[in-house]
Protein chains: 2
Amino acid sequence: MTETAKAAFIDELNAALGAAVVTGEDIPAPFRHDWSGLPPVLPIALIRPRETDEVATALKIANRHGVTIVPQGGLTGLAGGAQPVAGGAVLSLDRMSGIEEIDPVMASITVKAGTPLEVVQKAADEAGLFLGIDLGARGSCQIGGNLATNAGGNRVIRYGMAREHVLGLEVVLPDGTVVTSLNKLIKNNAGYDLKQLFIGSEGTLGIITRVVLRLQAKPLTVNTVFCGCRDFPAVLDLLKGARARLGPALSAFEVMWPSFYDFMTGKLSELRRPLGRPHGVYVLLEQSGFDPEADSGRLEAVMAEMLEAGIVEDAVLASSERETRDLWAVRDSVSEYGKLMGPITAFDVGLQTDRMADVIAGIEAAYQARWPGAILLVYGHIGDSNLHLVANVPAAGDHQPHDDITDLVLGAVRAAGGTVSAEHGIGLLKKKYLHFTRSDAELALMARLKAALDPGNILNTGKVFTL
Amino acid sequence: MTETAKAAFIDELNAALGAAVVTGEDIPAPFRHDWSGLPPVLPIALIRPRETDEVATALKIANRHGVTIVPQGGLTGLAGGAQPVAGGAVLSLDRMSGIEEIDPVMASITVKAGTPLEVVQKAADEAGLFLGIDLGARGSCQIGGNLATNAGGNRVIRYGMAREHVLGLEVVLPDGTVVTSLNKLIKNNAGYDLKQLFIGSEGTLGIITRVVLRLQAKPLTVNTVFCGCRDFPAVLDLLKGARARLGPALSAFEVMWPSFYDFMTGKLSELRRPLGRPHGVYVLLEQSGFDPEADSGRLEAVMAEMLEAGIVEDAVLASSERETRDLWAVRDSVSEYGKLMGPITAFDVGLQTDRMADVIAGIEAAYQARWPGAILLVYGHIGDSNLHLVANVPAAGDHQPHDDITDLVLGAVRAAGGTVSAEHGIGLLKKKYLHFTRSDAELALMARLKAALDPGNILNTGKVFTL
């Protein structure tokens with residue numbers, strides 16, 4: 001892009017959007033990168049619209065000038081989907097924030113896309129209802145980004161991915177057309193369900209500006225238990241038994257390999273080890289129920305069965321809010337990676353549950369053979385067939401062998417028929433591995449959709465795949 | 001289409017697919033119409049492939065000759081989506097039937113698209129699991145058609161629409177490309193979620209050939225109660241209370257207006273009226289739970305509260321399988337319409353729940369003013385904001401004023417911001433009303449998708465919308 005072309009683009013943006021446009025060194029540092037760990041990139045402009053029409057105007061101008069627009073939400077994505085691209089502008093939704101309506105009869109909430117997830121959760125809670133989307137970055141991430149990436153999190157086992165919570169969307173297409181489908185009905189089969197296109201396509205097909213979400217009944221009881229199992233087959237038996245006996249009350253089933261449990265409880269002095277002795281695998285199990293008189297008894301009976309059958313070796317049931325927080329603290333210690341490990345290479349792979357133990361054992365062996373004594377933590381949402389791996393080679397310092405580690409891990413996932421991303425998305429970091437999981441026919445169809453919706457190829461260009 | 005062109009198309013089909021092709025009067029009567037009530041149409045050919053490659057071959061030939069292909073499943077659709085079109089061929093999936101795999105660990109089932117829904121349900125049940133899709137036509141409808149139309153049914157309130165049960169699909173695109181995405185992972189965010197395009201697009205974007213479905217834990221208890229409420233606001237209070245206190249155990253909430261209840265129990269001598277005296281509105285409520293020791297007590301306690309608060313005037317709880325069947329028989333009597341009423345005009349509208357009472361009262365008044373004494377039955381899945389209306393004007397005999405009735409009902413739905421189809425889809429019958437529910441921008445985007453996937457416009461041409 002020539003300086004003249006860039007100046008012409010920025011002039012037109014300034015004329016149309018005025019104060020919403022910032023350029024050069026006036027662009028604050030946070031807008032120059034997301035949480036992917038990729039180095040900051042200075043965009044040619046930062047656009048911060050206050051309303052949908054301004055988003056449309058920006059996209060029309062970008063199309064006329066052939067300039068890439070990168071949509072940005074809370075910038076908490078780990079795959080680089082919101083990372084600025086050289087020569088492109090970024091468009092932040094951060095000023096389009098706020099609850100527009102809560103409808104207690106329809107159990108729905110309508111919000112602007114830039115609203116932080118936690119604000120939506122609190123609004124639902126105050127109305128006596130419950131939002132089934134939750135993840136660690138709740139305070140920073142925005143609902144528009146959650147939907148653009150089809151966010152997962154800890155409670156997918158009970159409530160499903162972000163997609164399943166969306167009733168309606170307002171979206172601006174790359175050409176600036178505003179498509180307003182703020183549907184509140186659970187069932188609406190009148191023509192194509194267009195919103196599905198934009199959920200999980202990482203901002204490459206349109207910019208989400210408003211959202212209608214489905215809310216749930218708020219659980220009346222929550223019980224948490226931390227279990228030690230002998231091995232992974234026992235964990236699968238526990239999952240199967242818990243599902244069959246608790247049904248939809250099973251609201252979390254978080255599994256931690258000893259690599260994770262030992263490292264985190266060893267490094268963080270504030271973490272108490274919930275169980276007295278070591279086990280082969282650890283499970284944090286949560287029950288969310290609607291019968292205050294019976295739920296805890298039911299969970300205790302199920303756990304007694306599991307102990308009796310040898311499926312669980314030891315278990316501790318939280319009996320206070322504080323104990324519940326302590327149990328979750330082990331799993332939630334992932335937010336301390338940066339402090340404990342320095343630069344990491346992180347994965348959110350999906351694997352068939354019954355192949356996980358073997359695939360992880362194979363990866364661990366190959367990893368240790370290549371980088372003896374290096375760190376590889378493993379944990380995940382087993383009920384959703386989603387595992388996280390976090391690697392650090394201490395000897396490599398700031399020059400982690402990201403590509404080699406990724407080739408090793410994702411190569412094993414590919415061989416096992418898994419997915420290179422279960423929840424974080426493809427963005428930039430996993431782009432070259434997308435074909436590990438998707439066939440040529442699938443990739444061609446994705447490209448066909450991108451070309452149909454964004455013929456100028458200006459929206460989040462180069463993310464997910466290269467046309 | 002000239003006779004020569006038609007003969008060339010059929011010659012090529014015969015050469016490529018041989019015994020899978022039938023023409024002229026050899027085409028059995030059932031393939032000439034679906035359950036929409038539209039008059040039979042003789043297609044120029046019936047193609048009954050046995051495998052995916054044959055579907056691809058048929059579509060490639062159709063593209064070369066510019067001939068429309070209408071995909072057919074169990075032909076139980078009510079909107080005309082599987083109705084043959086003049087000058088077009090039909091392609092039935094009925095020979096592509098059977099369970100390919102049940103995976104108890106992943107809780108998934110892989111089936112061919114032509115498998116009847118009931119066969120899938122039974123296979124899941126035999127594996128100790130449960131399929132959350134259910135509807136009256138279960139014995140005849142096919143799973144491919146259920147997904148192509150994003151079927152609803154009685155248990156959407158608990159398990160969601162058909163879309164929410166799909167993990168993977170194999171689809172043949174209009175140009176004959178086979179896209180195989182037989183994913184079994186709950187979470188898979190690697191690129192666009194392509195399957196969403198084909199679910200609910202009524203066979204206009206691709207032909208579904210294989211399916212991976214998610215299975216659920218099988219409920220351990222089912223309790224059913226039939227309630228009489230004073231009026232619709234009381235029904236909403238009951239819904240709200242049942243949701244808040246039963247959570248996901250609330251597995252059906254079927255509401256019947258007196259028009260429906262009185263007519264069906266009056267006409268069908270085998271139906272016992274569950275309640276002793278008349279009420280303003282009737283509700284069939286089902287609880288599906290996982291605590292055999294507590295569930296029925298919990299439901300009784302909730303019902304006692306509702307009676308105490310005057311929300312429910314009277315209620316009867318089924319205490320045997322026979323009593324459960326008797327209670328459901330009232331709701332399920334809809335299969336007797338043909339016998340009781342002759343030709344009907346039927347609707348599956350969606351409305352915001354809090355507007356239903358007023359909209360229905362308005363429609364009833366206008367309908368009776370126009371056709372005094374004519375029949376209009378109202379019932380529906382209120383928890384999903386979905387209502388059914390069934391109309392018959394006895395004086396009109398076989399010449400029902402379908403268009404006038406439809407204009408009246410859907411005009412009122414449009415004015416209230418509802419949808420012209422909550423679950424049956426658009427097909428041919430609701431096509432001219434699609435713009436009551438969808439904006440110009442939405443319709444243009446649907447057309448853009450259709451053009452991108454089916455540039456020759458040969459797949460189920462003229463269904464849902466006209467390009």
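Predicted, not measured: the structure shown is a model, and the values here were computed from it.

K.L.:
Before we move on, can you summarise the overall build of chain A with the specific residues and values?
P.N.:
Across its full length, chain A holds 15 helices and 18 strands. For a compact globule of 467 residues, the expected C-alpha radius of gyration is about 23 Å, and chain A comes in at 23 Å, within 12% of that figure. By principal-axis analysis of the C-alpha atoms, chain A measures approximately 75 × 55 × 45 Å. In chain A, which comprises 467 residues, the proportion classed as buried is 60%. Counted over contacts in chain A with a minimum sequence separation of 6, partners at least 24 positions apart contribute 73%. As displayed, chain A offers around 16,600 Å² of accessible surface, 51% of which is attributable to carbon and sulfur atoms. Averaging the locations of the 42 positively and 54 negatively charged side chains of chain A gives two centres separated by 2 Å.

K.L.:
How would you sum up the relation of the copies chain A and chain B? Please name residues and give values.
P.N.:
The two copies are related by a screw operation: chain A maps onto chain B through 180° of rotation and 0.0 Å of translation along the axis, at an RMSD of 0.0 Å. Here the symmetry operator amounts to a two-fold rotation axis. Of the residues that chain A buries at the interface, 100% are likewise interface residues in chain B, meaning the two copies contact each other through the same surface.

K.L.:
Kindly report on empty space enclosed by the protein, identifying the contributing residues and their values.
P.N.:
One pass over the full model with this rule turns up seven cavities of 30 Å³ or more. By volume, the largest cavity is sized at about 740 Å³. Elements supplying a minimum of two residues to the lining of the largest cavity: strand 8 (166-172), strand 9 (178-181) and helix 6 (195-198) of chain A together with strand 8 (166-172) and helix 6 (195-198) of chain B. The leading source of residues in the lining of the largest cavity is strand 8 of chain A, at five residues. Among the residues making up the lining of the largest cavity, the classes are represented as 18 nonpolar, 14 polar and 16 charged. In this structure, the second largest cavity spans a volume of roughly 310 Å³.

K.L.:
I'd like to hear about the pattern of salt bridges, residue by residue, with values.
P.N.:
Residue and element names in this part refer to chain A. Throughout the structure, instances matching the rule amount to 53 salt bridges over all chains. Measuring nitrogen to oxygen at the nearest pair gives 2.8 Å for the salt bridge that ties Arg155 to Glu286. Within this pair, whereas Arg155 is found in the loop between helix 4 (143-148) and helix 5 (156-159), its partner Glu286 is found in strand 14 (residues 281-289), the two being separated by 131 residues in sequence. Judged by relative accessible area, which is 17%, Arg155 ranks as buried. Glu286 gets classed as buried once you look at its relative accessible area, which sits at 3%. Across the pair Glu305 and Arg245 runs a salt bridge whose closest N-O atoms are separated by 2.6 Å.

K.L.:
Please provide a residue-by-residue account of the interface of chain A and chain B, values included.
P.N.:
Taken together, the contact pairs 86 residues of chain A with 86 residues of chain B. Carbon and sulfur atoms make up 58% of the surface buried where chain A meets chain B, a total of about 6,700 Å² over both sides. Considering only the surface of chain A that becomes buried against chain B, Lys187, Asn189 and Tyr192 of chain A emerge as the three largest contributors, covering 15% of it. In this structure, the connection of chain A to chain B is made through eight salt bridges. Note that Lys187 of chain B and Glu423 of chain A form a salt bridge whose closest N and O atoms lie 2.7 Å from each other. At the boundary of chain A and chain B, one finds 34 residue pairs in polar contact (both at pLDDT 80 or more). Breaking the side of chain A that touches chain B down by element, the ones donating at least two residues are helix 5, strand 9, helix 6, helix 7 (232-246), helix 14 (434-437) and helix 15 (440-453) of chain A. Considering every element that reaches the side of chain A that touches chain B, the biggest residue donor is helix 15 of chain A, with nine residues. A per-class count over the side of chain A that touches chain B returns 38 nonpolar, 27 polar and 21 charged.

K.L.:
Talk me through the packing of aromatic side chains; I want residue IDs and the actual numbers.
P.N.:
A full pass over the atoms with the stated rule returns 20 aromatic pairs over all chains. Judged by centre distance (6.4 Å) and plane angle (55°), the rings of Tyr337 of chain A and Tyr379 of chain A are tilted. With Tyr337 of chain A in helix 11 (residues 337-341) and Tyr379 of chain A in strand 17 (residues 375-381), this pair connects stretches of sequence that are 42 residues apart. Tyr337 of chain A sits in the buried class, given a relative accessible area of 8%. Between Phe465 of chain A and Tyr192 of chain B, the aromatic rings sit 5.5 Å apart at their centres with planes inclined by 65°, giving edge-to-face as the arrangement. Note that Phe465 of chain A is positioned in the segment after helix 15 and Tyr192 of chain B in the loop between strand 9 (178-181) and helix 6, a pairing that runs across two chains. Aromatic rings pair up to connect Phe226, Tyr261 and Tyr282 of chain A into one cluster.

K.L.:
How would you summarise the sheet that holds strand 18 (residues 386-392) of chain B if you had to cite specific residues and measurements?
P.N.:
All names here are of chain B. Sheet architecture is open: seven strands sit in the order 15-12-14-13-17-18-16, paired in antiparallel fashion. Two strands lie at the open edges of the sheet, namely strand 15 (314-317) and strand 16 (345-350), each paired on one side alone. Ignoring strand direction, the axes of neighbouring strands in this sheet form an average angle of 15°. In terms of strand pairing, strand 12 (residues 221-229) meets strand 14 (residues 281-289) through nine bridges, oriented antiparallel. Within the sheet, the bridge partner assigned to Val222 lies in strand 14 and is Ser288. Relative to the sheet, helix 8 (residues 258-267) contacts strand 12, strand 13 (250-256), strand 14 and strand 17 (375-381), its axis offset from that of strand 17 by approximately 110°. Sheet contacts for helix 10 (residues 321-332): strand 12, strand 13, strand 14, strand 15 and strand 17; angle to strand 12, the most-contacted strand, approximately 50°.

K.L.:
Provide a residue-level description of the nonpolar core, including the pertinent values.
P.N.:
The biggest cluster of nonpolar side chains holds 243 residues, and the ones touching the most others in it are Phe253 of chain A together with Phe253 of chain B. Apart from the residues lying within four places of it in its own chain, the contact partners of Phe253 of chain B are Ile157, Val235, Leu238, Leu239, Val283, Leu284, Leu285, Gly380, His381, Ile382 and Gly383 of chain B.

K.L.:
Residues and numbers for the UniProt feature "domain: FAD-binding PCMH-type" (unreviewed entry) in chain A, please.
P.N.:
Mapped onto this structure's residue numbering, the UniProt feature "domain: FAD-binding PCMH-type" (unreviewed entry) falls at residues 39-218 of chain A. This span, residues 39-218 of chain A, is 21% helix and 24% strand, and a straight line between its end C-alpha atoms measures 41 Å.

K.L.:
Can you lay out the side chain of Arg32 of chain A for me, pointing to particular residues and giving the numbers?
P.N.:
Residues and elements named next belong to chain A. When you line up the elements, Arg32 lands in the loop between strand 1 (21-22) and strand 2 (46-47). Overall, the relative accessible area of 16% leaves Arg32 in the buried class. In this structure Arg32 touches Gly24, Glu25, Ile27, Pro40, Val41, Leu42, Pro43, Gln83 and Pro84, once residues within four positions along its chain are discounted.

K.L.:
How would you sum up the packing of helix 15 of chain A against helix 15 (residues 440-453) of chain B? Please name residues and give values.
P.N.:
Remark: helix 15 of chain A packs on helix 15 of chain B, axes separated minimally by 10 Å, with the N-to-C direction vectors making an angle of 135°. By the angle class used here, helix 15 of chain A and helix 15 of chain B are oblique. In this structure, helix 15 of chain A crosses over helix 15 of chain B, and the sense of that crossing is right-handed. Residues Leu445, Arg448, Leu449, Ala452 and Leu453 of chain A of helix 15 of chain A form the contact with helix 15 of chain B, whose own contacting residues are Leu445, Arg448, Leu449, Ala452 and Leu453 of chain B. Classifying every residue of the contact of helix 15 of chain A with helix 15 of chain B gives eight nonpolar, no polar and two charged.

K.L.:
Lay out helix 12 (residues 356-370) of chain B with the relevant residues and their values.
P.N.:
Residues and elements named next belong to chain B. Along its 15 residues, helix 12 runs 21 Å from first to last C-alpha, staying within 8% of the 21 Å computed at 1.5 Å per residue. Listed in full, the buried residues belonging to helix 12 are Met356, Val359, Ile360, Ile363 and Tyr367. One side of helix 12 carries all its buried residues, which in axial view fall inside an arc of 95°. In helix 12, the exposed positions angled more than 90 degrees off the buried face are occupied by Asp358 and Ala369.

K.L.:
Give a description of the pairing of strand 13 (residues 250-256) of chain A that names residues and reports values.
P.N.:
Residues and elements named next belong to chain A. When you tally the buried positions in strand 13, you get seven out of seven residues, the bulk of the element. Alignment of strand 13 against strand 14, held across six bridges, turns out to be antiparallel. Each bridged residue has a counterpart across the sheet, and for Phe253 the counterpart in strand 14 is Leu285. Pairing between strand 13 and strand 17: three bridges, direction antiparallel. By the bridge assignment for strand 17, Glu254 is matched with His381.

K.L.:
Lay out the side chain of Gln216 of chain A in plain terms, naming residues and giving numbers.
P.N.:
Within the secondary structure, Gln216 of chain A sits in strand 11 (residues 216-217). Beyond its immediate stretch of four places on either side in the chain, Gln216 of chain A contacts Leu129, Phe130, Gly132, Tyr159 and His165 of chain A.

K.L.:
For the packing of helix 7 (residues 232-246) of chain B against helix 9 (residues 295-308) of chain B, give the residues involved together with the corresponding values.
P.N.:
All names here are of chain B. Between helix 7 and helix 9, the shortest axis-to-axis distance is 11 Å and the interhelical angle comes to 145°. Crossing angle aside, the handedness with which helix 7 passes helix 9 is right-handed. Listed contacts from helix 9 to Leu238, Gly241, Ala242, Arg245 and Leu246 of helix 7 are Arg298, Leu299, Val302, Glu305 and Met306. Looking at the contact of helix 7 with helix 9 residue by residue, the classes come out as six nonpolar, one polar and three charged.

Basis of the calculations
- Residues numbered from 1 in each chain as written.
- Chains lettered and ligands numbered in written order.
- Predicted model: local features only at pLDDT ≥ 70, side-chain atom pairs only at ≥ 80, totals over all residues.
- Heavy atoms only, no water.
- Helix = DSSP H or I, 4+ residues; strand = E, 2+ residues; numbered from the N terminus.
- Rg over C-alpha atoms; globule rule 2.2 N^0.38 Å.
- Buried < 20%, exposed > 50% of the residue type's maximum accessible area, 1.4 Å probe, protein only.
- Contact = heavy atoms within 4.5 Å.
- Areas by Shrake-Rupley, 256 points an atom, 1.4 Å probe, with all protein chains shown as cover.
- Lys, Arg positive; Asp, Glu negative; His and termini not counted.
- Charge placed at Lys NZ, Arg CZ, Asp CG, Glu CD.
- Least-squares fit on C-alpha atoms with pLDDT ≥ 70 in both.
- 1 Å grid on protein atoms, 1.4 Å probe; cavity = no way out; pocket = protein on both sides within 12 Å on 5 of 7 lines; lining within 4 Å.
- Points joined across faces, edges and corners; volume = space filled by probe spheres on them.
- Nonpolar A, V, L, I, M, F, W, Y, C, P; charged D, E, K, R; others polar.
- Salt bridge = Lys/Arg side-chain N within 4 Å of Asp/Glu carboxyl O.
- Buried area = accessible area lost by both parts, 1.4 Å probe.
- Polar contact = N/O pair within 3.5 Å; in protein donor to acceptor, adjacent residues only side chain to side chain.
- Phe/Tyr/Trp six-rings, centres within 6.5 Å; stacked < 30°, edge-to-face > 60°.
- Pairing = 2+ DSSP bridges.
- Axes fitted to C-alpha atoms, helices over the stretch in contact; angles between N-to-C directions.
- Core = buried A, V, L, I, M, F, W, Y, C linked by side-chain atoms within 4.5 Å.
- UniProt positions renumbered as here; feature names shortened; annotations may be inferred.
- Parallel < 35°, antiparallel > 145°, perpendicular 65-115°, else oblique.
- Left-handed = near helix turned anticlockwise from the far one by under 90°.
- Expected span 1.5 Å × (residues − 1).
- Arc of directions from axis to C-beta.

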